[in-house]
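Read off the chains here:
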Amino acid sequence: MSAPADSRGTFGRLGFVVAATGSAVGLGNLWKFPYMTYANEGGSFVLVYLVAVALIGAPLMAAEILVGRHTRQSPVGAFAQLAGEASRSRGWVLVGWLGIAAGAVILSYYSVVAGWTVYYFIRCIRWSLGGFTPDDAASLGAVFGDFVGNGALQVGFHALFIVLTVGVVIGGVQAGIERATKILMPTLGLLLLALVINSFFQPGFDEAMRHLFHFGPISGTGVLEAVGQSFFSLSLGMGAMITYGSYVSRENSVPRSAALVVAFDTLVGLMACFVMFTIIFSISAAERETLGAGAGILFTTLPRMFYEMPGGLILAPLFFFLVAAAALSSTISLLEVIVAYFIDNRGWGRTRATIAVGAVIFAVGVLCALSLGANPTLTELTLVGETQGIFNILDYAAANWLLPLGGLFTCLFVGWVLSDALTRGELEAGHGVFRFHGPWKWALRVICPLAVSAILIAVMTGYSFN
Ligand code: TRP
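Student: Please give an account of empty space enclosed by the protein that cites residues and values.
Tutor: For the structure on display, the rule yields 2 cavities of 30 Å³ or more. Forming the boundary of the largest cavity are 16 residues, of which S23, I106, F232, S235 and L334 lie nearest the centre. Those elements giving two or more residues to the lining of the largest cavity turn out to be α1 (15-24), α5 (93-130), α11 (220-233) and α16 (312-346). No other element matches the 3 residues that α16 contributes to the lining of the largest cavity. Residues of the lining of the largest cavity, tallied by class, amount to 9 nonpolar, 7 polar and no charged. What the second largest cavity holds in volume is close to 30 Å³. Lining the second largest cavity are P75, F79, V95, G96, G99, G237, M238, G239 and T410. Counting only elements with at least two residues in the lining of the second largest cavity, the list comes to α4 (75-85) and α5.

Student: Please set out the site of the ligand residue by residue, giving values where relevant.
Tutor: Taken together, 17 residues are adjacent to the ligand, and A24, G28, Y110, F232 and S235 come closest. A distance of 2.7 Å is found between an oxygen atom of the ligand and a backbone nitrogen or oxygen belonging to G28. The contact in question runs from a nitrogen atom of the ligand to an N or O atom on the backbone of F232, over 2.8 Å. Out of a free accessible area of 360 Å², the ligand has 100% covered by protein chains. Given that more than half its atoms are within 2 Å of the pocket grid, the ligand belongs to the largest cavity. When residues of the shell around the ligand are traced back to their parent elements, those giving at least two are α1, α2 (27-39), α5, α11 and α16. Residues belonging to the shell around the ligand are distributed by class as follows: 9 nonpolar, 8 polar and no charged.

Student: Before we move on, can you summarise the packing of aromatic side chains with the specific residues and values?
Tutor: Evaluated as defined, the whole model comprises 36 aromatic pairs. Ring plane angle 10° and centroid distance 5.8 Å describe the contact between F144 and F299, whose orientation is recorded as stacked. Taken as a pair, F144 in helix α7 (residues 140-148) and F299 in helix α15 (residues 297-306) lie far apart in primary sequence, 155 residues in all. Neither F144 nor F299 differs from the other in exposure class; each is buried. An angle of 15° between the planes, with centres 6.0 Å apart, marks the rings of F299 and F320 as stacked. Here F299 is found in helix α15, whereas its partner F320 is found in helix α16, with 21 residues between them in sequence.

Student: Before we move on, can you summarise the side chain of S108 with the specific residues and values?
Tutor: Note on placement: S108 falls in helix α5. Not counting residues within four places of it along the chain, the set of residues in contact with S108 comprises H158, I361, V364, G365, C368 and L394.

Student: Pulling in residues and values, what's your account of the pattern of salt bridges?
Tutor: Scanning all chains against the criterion turns up 7 salt bridges. When the shortest N-O distance is used, the salt bridge between K32 and D395 registers 3.0 Å. Taken as a pair, K32 in helix α2 and D395 in helix α19 (residues 390-417) lie far apart in primary sequence, 363 residues in all. With a shortest N-O distance of 3.0 Å, E428 and R424 are connected by a salt bridge. Here E428 and its partner R424 are both found in helix α20 (residues 420-428), 4 residues apart, which amounts to about one turn of the helix. Classification of E428 by relative accessible area gives partly exposed; the value is 23%. Exposure remark for R424: the relative accessible area of 35% places this residue in the partly exposed category. Linked through salt bridges whose partners overlap, the residues forming this network are R69, R250 and E426.

Student: Explain the layout of surface pockets to me, using residue names and the numbers behind them.
Tutor: Taken as a whole, the largest pocket encloses approximately 530 Å³ of empty space. Lining the largest pocket are 20 residues, and of these T221, E225, T387, Y396 and N400 sit closest to its centre. Of all elements in the fold, only α2, α11, α19 and α21 (437-460) reach the threshold of two or more residues within the lining of the largest pocket. Counting residues per element, the lining of the largest pocket draws most heavily on α19, which supplies 6 residues. Residues of the lining of the largest pocket, tallied by class, amount to 9 nonpolar, 7 polar and 4 charged. In this model, the second largest pocket occupies a volume close to 380 Å³. Every residue lining the second largest pocket is counted, 19 residues in all, and those nearest its centre are T21, M185, P186, G189 and F264. Breaking the lining of the second largest pocket down by element, the ones donating at least two residues are α1, α9 (173-200) and α13 (254-282). The biggest single contributor to the lining of the second largest pocket is α9, with 9 residues.

About the criteria used
Residue indices follow the written sequence of each chain, beginning from 1 at its first position. Confidence filtering applies because this is a predicted model: local features only for residues at pLDDT of at least 70, side-chain atom pairs given and counted only at 80 or more, and all residues used for totals across whole chains, interfaces and linings. The basis for every side-chain value is the complete set of heavy atoms in the structure, and neither hydrogens nor water enter the calculation. A pocket here means an open set of points on a 1 Å grid, computed over the protein atoms alone, that has protein on both sides within 12 Å along at least five of seven lines. A cavity is instead a set of points where a 1.4 Å probe fits but cannot get out; residues with an atom within 4 Å of a point line either one. Grid points are joined across faces, edges and corners, and a volume is the space filled by probe spheres set on the points. By definition, any uninterrupted DSSP run of H or I lasting at least four residues is a helix, any uninterrupted run of E lasting at least two residues is a strand, and each is numbered from the N terminus. The nonpolar class holds Ala, Val, Leu, Ile, Met, Phe, Trp, Tyr, Cys and Pro. Asp, Glu, Lys and Arg form the charged class, and all remaining residues, Gly among them, are polar. Only a single heavy atom is needed: when it lies within 4 Å of a molecule or strand, its residue is near that molecule or strand. Polar contacts here mean pairs of N or O atoms no more than 3.5 Å apart (in protein, one a potential hydrogen donor and the other a potential acceptor; neighbouring residues in sequence count only if both atoms are side-chain atoms). Residue burial considers only the protein chains on display, and all accessible areas are found by Shrake-Rupley using a 1.4 Å probe. Assignment to a cavity or pocket requires that more than half of a molecule's atoms be within 2 Å of the site's grid points. Pairing of aromatic rings covers Phe, Tyr and Trp, the last counted by its six-membered ring, and requires centre-to-centre distances within 6.5 Å; plane angles under 30 degrees mean stacked, over 60 mean edge-to-face, and any other angle means tilted. Each residue is placed in one exposure class: buried if its accessible area under a 1.4 Å probe, protein chains only, is under 20% of its type's maximum, exposed if it is over 50%, and partly exposed if it falls in between. Any two residues whose heavy atoms approach within 4.5 Å at even a single point are treated as in contact. Salt bridge, as applied in this entry: a Lys or Arg side-chain nitrogen positioned within 4 Å of an Asp or Glu carboxyl oxygen.

Structure, rendered in structure tokens:
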């Protein structure tokens, strides 16, 4: 049923942290987090997010890696094996399936947004070469709106990104991912740091900070979105970290790796907010209106900033190139979970599995690509609540329901089904004595399940946290 351990790849010494950070850091941090924080009016949303990262995200990150490394299998096989060993019901395998479904849903629309980053990379090269005029600055909002409403461009760049992802995943995880990510992610980190420092000197910095740290009331859905975003940003709740964990050697420390990935990911999200909010609050209210601070915030604010600062002609295309690379290291992990299932559990070859899955996801993604204005039916569709358009519906469903549910069951599984001997053994292999095993286990057993289910129930019953 499963491939023998030594036919699987194994990450090098730093390989796991690099690859997992590559998975975690992506459009969730750079595109989604800033615009959701802005839409939810800052402070309280960020606070709930940070609490969720500390109390749920970090313990769950260690739990997923542990499950993967112990079983050396992707989610479906991993749950089957461990539930079998503990002689519990095979129902846990459904959690693995839920993860595969969530991965497919996320990848289909994520790849559309990833396509935007490639488009803006090209667009910035043209601006850098041809000159960026005040007119260009004024029309950034309109450029973005026209672009997402253009069906041919949306489908084209989405297709391009699926092809890129498929290409890397066919090459195999460690060979493909480790080398590229090792260079690109630190570069992105440094560039972001430079932009944060540059923000300190902008007129809007103080107001941006006030916005980011102003703790106003937050709605029930705001809380759910903050928690959902913590899962999404950390790549948790669908077995991505189980899959990457299955390539980790026993010489690596699970707690240390988990802590590093969580820290890097959180830092990048906050830096992105610093930078974009500073731009938003450095321009006039009227200009802010035309720029638009919605889902396009990454693509409208950054070009404006680059072309006003020294070196921007070079930094603008470089930045979008690095964002595209960050998106690619995330789409790779999404695709890898689904592909690993077909390889591990169905005996498919890697090439065949990758191409077949890529084709299906491309098809679903086309519907998302056309639901941003190009096709009125897809754009105006509402299924439940106010969320409109296939793209938004899939995003809402995956981030706020599928991932938290998958995470909830993973916590329960590792907390209650796996023995202390097993979990302690895994956390201490390659680490030494782990003093927080007890608190960690109780976080998984009680804190995470209670918090996640309380929020889901509260939102279902329409409760408001105001
Ligand atoms: N975490 C990535 C981001 O923030 C997206 C992502 C990659 C993801 N793999 C995942 C989200 C697995 C959930 C599950 O952009």
